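The chain contents come next:
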Amino acid sequence: MKIQVLGPGCPKCAKAEKIVQEAVAESGIQAEVVKVSDFQEIAMMGVFSTPAVAIDGEVKVVGKVPSKNDVLKWLK
């Protein structure tokens, strides 16, 4: 499983990445968490508001920090 945290590095983006990392650790699922900060790559995924999170290429949230419970649901 590949999880992408999309954002330029703003505080909300960092918080989203932290929550994703915590949820992955808590779930015990093997997942690669990747930070994507390149605007062209983010735009090619159809995301124009950050932070955003994508799992295996499917965008799950745009423009807000997800809750840990949200991320845990997506991982199942």
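Structural data are supplied above this passage.
Residues numbered from 1 in each chain as written. Predicted model: local features only at pLDDT ≥ 70, side-chain atom pairs only at ≥ 80, totals over all residues. Heavy atoms only, no water.

Topic: the sheet that holds strand β3 (residues 52-55)
Point 1. With respect to topology, 4 strands assemble into an open sheet ordered β2-β1-β3-β4, the strand pairing being mixed. In this open sheet, the two edge strands, each paired with only one partner strand, are β2 (32-36) and β4 (58-62). Taking each pair of neighbouring strands and ignoring which way they run, the sheet shows an average axis angle of 20°.
Point 2. Sheet contacts for helix α1 (residues 11-27): β1 (2-6), β2 and β3; angle to β1, the most-contacted strand, approximately 160°. (Pairing = 2+ DSSP bridges. Helix = DSSP H or I, 4+ residues; strand = E, 2+ residues; numbered from the N terminus. Axes fitted to C-alpha atoms, helices over the stretch in contact; angles between N-to-C directions. Contact = heavy atoms within 4.5 Å.)

Regarding unusual backbone geometry
Point 1. Residues Thr50 and Pro51 are joined by a peptide bond in cis, for which omega reads 5°.
Point 2. Here Pro51 is to be found in the loop between α2 (39-44) and β3.
Point 3. The backbone of Asp56 shows a phi angle near 50°, a positive value even though the residue is not glycine.
Point 4. A relative accessible area of 53% places Asp56 in the exposed class. (Buried < 20%, exposed > 50% of the residue type's maximum accessible area, 1.4 Å probe, protein only.)

Overview of the nonpolar core
Nonpolar side chains tend to gather and get buried jointly when the protein is soluble and globular.
Point 1. By size, the foremost hydrophobic cluster in this structure holds 14 residues, and its most contacted members are Ile3, Val20, Val24, Val33, Val71 and Leu75.
Point 2. Of all the elements in the fold, those that place two or more residues in this core are β1, α1, β3 and α3 (68-75).
Point 3. Residue contributions to this core peak at 5 residues, all from α1.
Point 4. In contact with Val24, not counting residues within four places along its chain, are Ile3, Ile29, Ala31, Val33 and Leu75.
Point 5. Within the second largest apolar cluster, 5 residues are counted, among which are Leu6, Val36, Ile42 and Val47. (Core = buried A, V, L, I, M, F, W, Y, C linked by side-chain atoms within 4.5 Å.)

Topic: the pattern of salt bridges
Point 1. Tallied over the entire structure, the rule returns 4 salt bridges.
Point 2. Among the ionic pairs, Lys18 bridges to Glu22, the shortest N-O distance being 3.0 Å. Separated by 4 residues within a single helix, Lys18 and Glu22 lie in helix α1, roughly one turn from each other.
Point 3. A residue is classified by how much of its surface remains accessible, and Lys18, at 54% relative accessible area, is exposed.
Point 4. Here Lys68 and Glu26 are joined by a salt bridge, their closest N and O atoms 3.3 Å apart. On the criterion of sequence distance, the pair formed by Lys68 in helix α3 and Glu26 in helix α1 is long-range, its members being 42 residues apart. (Salt bridge = Lys/Arg side-chain N within 4 Å of Asp/Glu carboxyl O.)

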